[in-house]
Amino acid sequence: MTIKLPKAIEAYFEADRTGSPDVIASTFTENGIVKDKGLTHRGRDAIRAWMADEAQQYSYTVEPFFIATENGKIQVTAHAVGDFPGSPIDLRFFFVLANDKVAELEITV
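Reading guide: rules and limits
Here the residue numbers are simple positions, counted from 1 along each chain's written sequence. Restriction of local features to residues with pLDDT of at least 70 applies here, the model being predicted, together with a cutoff of 80 or more for giving and counting side-chain atom pairs; totals for whole chains, interfaces and linings are based on all residues. Derived side-chain values reflect all non-hydrogen atoms in the structure, with water molecules and hydrogen atoms excluded from consideration. Only DSSP runs of H or I with at least four residues qualify as helices, and only runs of E with at least two residues qualify as strands; both kinds are numbered from the N terminus onward. When checking whether two residues touch, look at their non-hydrogen atoms; a contact exists if any pair is within 4.5 Å. Under the scheme applied here, a residue whose accessible area is under 20% of the maximum for its type counts as buried, over 50% as exposed, and between as partly exposed, the area being computed with a 1.4 Å probe on protein chains only. Pairing between strands is defined by DSSP: at least two bridges between the two strands are required. Axis definition: a line fitted to C-alpha atoms, over the contacting stretch in the case of helices. Angles run 0 to 180 degrees between N-to-C directions. In this analysis a 1.4 Å probe is tested at points of a 1 Å grid over the protein atoms alone, and where it fits but cannot get out there is a cavity; an open set with protein on both sides within 12 Å along at least five of seven lines is a pocket; lining residues have an atom within 4 Å of a point. Grid points are joined across faces, edges and corners, and a volume is the space filled by probe spheres set on the points. Three classes are used: nonpolar for Ala, Val, Leu, Ile, Met, Phe, Trp, Tyr, Cys and Pro, charged for Asp, Glu, Lys and Arg, and polar for all others, with Gly counted as polar.

Overview of the environment of Phe28
Moving on, step 1. Structurally, the position occupied by Phe28 is in strand E1 (residues 28–36).
Moving on, step 2. A sequence separation of 52 residues divides Phe28 from Ala80, and the C-alpha atoms of the two residues are 21 Å apart.
Moving on, step 3. Those residues in contact with Phe28, other than ones at most four positions away along the chain, are Tyr12, Ile33, Val34, Arg44, Ile47, Lys101, Val102 and Leu105.

Digging into unusual backbone geometry
Moving on, step 1. Going from Ser87 to Pro88, the amide bond is cis rather than trans, its omega being -5°.
Moving on, step 2. Tracing the backbone shows Pro88 in the loop between strand E4 (73–82) and strand E5 (89–98).
Moving on, step 3. We note that Asn71 has phi near 50°; this positive angle belongs to a residue other than glycine.
Moving on, step 4. Relative to the elements of secondary structure, Asn71 occurs in the loop between strand E3 (60–70) and E4.
Moving on, step 5. With relative accessibility at 75%, the residue Asn71 sits in the exposed group.
Moving on, step 6. Positive phi values are uncommon outside glycine, yet Asn99 reaches one of about 50°.
Moving on, step 7. Within the element layout of this structure, Asn99 appears in the loop between E5 and strand E6 (101–108).

Observations regarding the sheet that holds E3
Moving on, step 1. Strand order in the open sheet formed by six strands is E2-E1-E6-E5-E4-E3, with mixed pairing between adjacent strands. Strand pairing shows two members of the sheet lacking a second neighbour, strand E2 (39–42) and E3, which therefore form its edges. Sheet twist, expressed as the average angle between the axes of neighbouring strands with direction ignored, equals 20°.
Moving on, step 2. When E4 meets E5, the two strands line up antiparallel, connected through seven bridges. Paired with Ala78 across the strands is Leu91, a residue of E5.

Description of the environment of Ala80
Moving on, step 1. Residue placement: Ala80 occurs in strand E4.
Moving on, step 2. In this view, Ala80 contacts Thr61, Val62, Ser87, Pro88, Ile89 and Leu91; residues no more than four positions away in its chain are not counted.

Let's talk about the layout of surface pockets
Moving on, step 1. One number sums up the size of the largest pocket: a volume of about 430 Å³.
Moving on, step 2. Around the largest pocket sit 20 residues that line it, and Asp36, Lys37, Glu54, Leu91 and Ile107 are the ones nearest its centre.
Moving on, step 3. Its residues assigned to classes, the lining of the largest pocket shows 14 nonpolar, two polar and four charged.

Nothing here speaks to function; it is geometry throughout.
What follows is the structure in structure tokens.
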């Protein structure tokens, strides 16, 4: 199923497909925040380091299939498949956007 994503969220998932930590970090605001696996990464440098670490550990693909708004955040549910424990799995991505960039992202199961 193809869904219509806001520009900033589409840019994030496109950047994730490239596997480039620099490209992914560029989709965030300067002071962007990522919450993943119980850790919080603040700012583009921390986001770049988070993504570089993820890219070294795992190979994966993520396909968004559902979008909704929940508590003022945009929720995107995506099917993730790769060489990580628990694959395949559906992940929920909670986005807060600002000026066509991602201001906050929380990734949960």
